[in-house]
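Each chain, letter by letter, is given below.
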Amino acid sequence: MSSNSNLTTMKRTVEQLKLEASVDRIKVSQAAADLQQYCLQNASKDALLVGVPAASNPFREPRSCALL
Amino acid sequence: MGEMEQLRKEAESLKDEITAARKAVQDLTLQDHVAGTAVVGRVQLKTRKTLRGHLSKIYAVHWGDSKLCVSASQDGKLIVWDSYTTNKVHAIPLKSSWVMTCAYAPSGNMVACGGLDNMCSIYNLKGKDGNVKVMRELAAHTGYLSCCRFLNDNEIITSSGDCTCVLWDIETGSQKTVFAGHLGDCMSLGVAPDFNTFISGACDFTAKLWDIRDGQCRQTFGGHESDINAIGFFPNGNAVITGSDDASCKLYDLRSDQELITYQDSGIMCGVTSLAPSLSGRLILAGYDDFNCNIWDSLKAERVGVLSGHDNRVSCIGVTPDGMACCTGSWDSFLKIWN
């Protein structure tokens with residue numbers, strides 16, 4: 001019985017490998033270009049990257065202005 | 001030749017085929033492509049808030065929106081925090097204190113958690129009488145619950161120490177799909193921005209990409225030399241970032257089906273516990289066993305910053321959906337908000 005289940009597992013492994021082997025692959029140069037482009041296009045909105053002015057930082061206490 | 005031997009040979013030959021196919025599209029490396037790009041300037045983030053209240057190690061944190069987050073601690077509580085004010089919106093006592101993961105539903109209506117009880121418990125935050133109660137207990141895993149993520153108010157995906165991931169129907173409490181294939185405990189999962197696929201990282205040192213609807217594993221990524229503890233999607237959904245006990249993080253591109261870059265430093269010798277990309281994907285924040293969180297330039301693979309301030313392991317990290325801040329959770333029982 002256990003040799004049957006080993007066979008079944010092995011058959012499933014082979015089927016899975018066939019599936020993974022058949023995937024379409026794009027060139028790494030294209031993939032790299034797209035990753036870089038996404039980073040550049042969104043850089044200005046990335047607060048951790050470019051910083052956020054104190055006035056618009058929801059995590060900082062607003063400074064109150066006292067008008068004399 | 002016996003059938004078993006024949007299948008073994010076929011498997012080896014298919015693995016070689018995959019390796020060759022990946023090499024065939026490697027016309028350039030990521031390093032080559034970004035050779036002319038400058039490393040980002042030093043990133044210095046400050047602790048803006050410290051969330052105090054847990055009495056023991058924090059194991060997980062998850063943002064619901066850009067203000068509310070939920071954290072889980074082995075003090076047996078889930079706390080929902082208003083991170084702007086540091087107020088506790090809900091403090092939910094758990095039946096089992098051995099919690100390892102928590103999640104906030106995208107709608108904000110529910111939270112979930114689980115751990116050594118092998119179950120995923122769903123809590124309704126918007127009950128009629130204002131009390132937060134267990135809505136459903138999803139039980140079927142035969143190992144600990146390591147991670148969970150909501151797709152919507154009726155579907156959640158869990159990963160488990162039983163080596164499987166499961167898609168659940170919350171209303172009926174039943175398993176819709178079991179994702180089997182990993183050969184080691186599943187430690188972490190991430191859902192794609194388009195909700196069609198998810199990724200899992202496991203103790204078999206691989207990451208797998210799964211189709212949520214048909215249950216198939218589409219791609220498997222190796223290369224790590226130890227357990228993968230943390231996993232996340234690059235914000236455009238086209239790449240996956242993993243963090244491992246082998247002290248490195250890796251970026252795998254889904255469309256070229258291969259590893260593009262490794263984030264490691266000879267000075268770092270401890271495991272990665274958690275990771276999160278910044279909004280643009282340019283920064284990867286990774287929590288380590290040595291109490292620190294390192295910030296990596298994702299394209300240049302250089303360390304550009306450190307978050308130090310915790311007195312024990314950083315166990316979890318998350319960036320707000322609007323990218324405005326990141327939250328770290330630690331075994332020192334505190335959560336810190338940085339930007």
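Computed from a predicted model, the values in this text were never measured in an experiment. (Residues numbered from 1 in each chain as written. Chains lettered and ligands numbered in written order. Predicted model: local features only at pLDDT ≥ 70, side-chain atom pairs only at ≥ 80, totals over all residues. Heavy atoms only, no water.)

Quick notes on the overall build of chain A
- Along the backbone of chain A there are three helices and zero strands.
- Taken from N to C terminus, the helices and strands of chain A fall in the order α-α-α.
- Residues classed as buried in chain A amount to 29% of the 68 residues present. (Helix = DSSP H or I, 4+ residues; strand = E, 2+ residues; numbered from the N terminus. Buried < 20%, exposed > 50% of the residue type's maximum accessible area, 1.4 Å probe, protein only.)

As for the side chain of B:D253
- Looking at where B:D253 falls in the secondary structure, it is placed in strand β20 (residues 249-253).
- One buried charge, B:D253, has no salt-bridge partner; the nearest side chain with opposite charge is B:R255, at 4.8 Å.
- A distance of 2.9 Å separates the side chain of B:D253 from the backbone nitrogen of B:S256, its partner in a polar contact.
- Other than its neighbours up to four places away in sequence, B:D253 contacts A:A31, A:L35, B:F221, B:N238, B:A239, B:Q258 and B:L260. (Lys, Arg positive; Asp, Glu negative; His and termini not counted. Salt bridge = Lys/Arg side-chain N within 4 Å of Asp/Glu carboxyl O. Polar contact = N/O pair within 3.5 Å; in protein donor to acceptor, adjacent residues only side chain to side chain. Contact = heavy atoms within 4.5 Å.)

So, the pattern of salt bridges
- This model, assessed by the stated rule, comprises 20 salt bridges over all chains.
- In this structure, B:K176 engages B:E155 in a salt bridge whose closest nitrogen and oxygen atoms are separated by 2.7 Å. Of the two residues, B:K176 is situated in strand β13 (residues 174-180) and B:E155 in strand β11 (residues 155-160); the sequence distance between them amounts to 21 residues.
- According to the relative accessible area criterion, B:K176 is partly exposed, its value standing at 44%.
- One network of salt bridges, in which partners are shared, links A:E15, A:K18 and B:E10.

Remarks on the interface of chain B and chain A
- Contacts between the two partners involve 64 residues from chain B, matched on the other side by 39 residues from chain A.
- Taking both partners together, chain B and chain A bury about 4500 Å²; carbon and sulfur atoms supply 69% of that area.
- Taken together, the connections running from chain B to chain A amount to four salt bridges.
- We note a salt bridge from B:E3 to A:K11, for which the minimum N-O separation is 3.5 Å. (Buried area = accessible area lost by both parts, 1.4 Å probe.)

A closer look at the confidence of the model for chain B
- Across chain B, pLDDT averages 97, with 100% of residues at or above 70.
- Two summary scores accompany this predicted model of the complex, namely pTM at 0.95 and ipTM at 0.94. (pLDDT = per-residue confidence, 0-100.)

Some thoughts on the environment of A:E61
All names here are of chain A.
- Counting through the fold element by element, E61 comes out in the segment after α3 (47-50).
- Looking at E61, the relative accessible area reads 57%, which means it is exposed.
- As a C-alpha pair, E61 and K18 span 43 residues in sequence and 57 Å in three-dimensional space.

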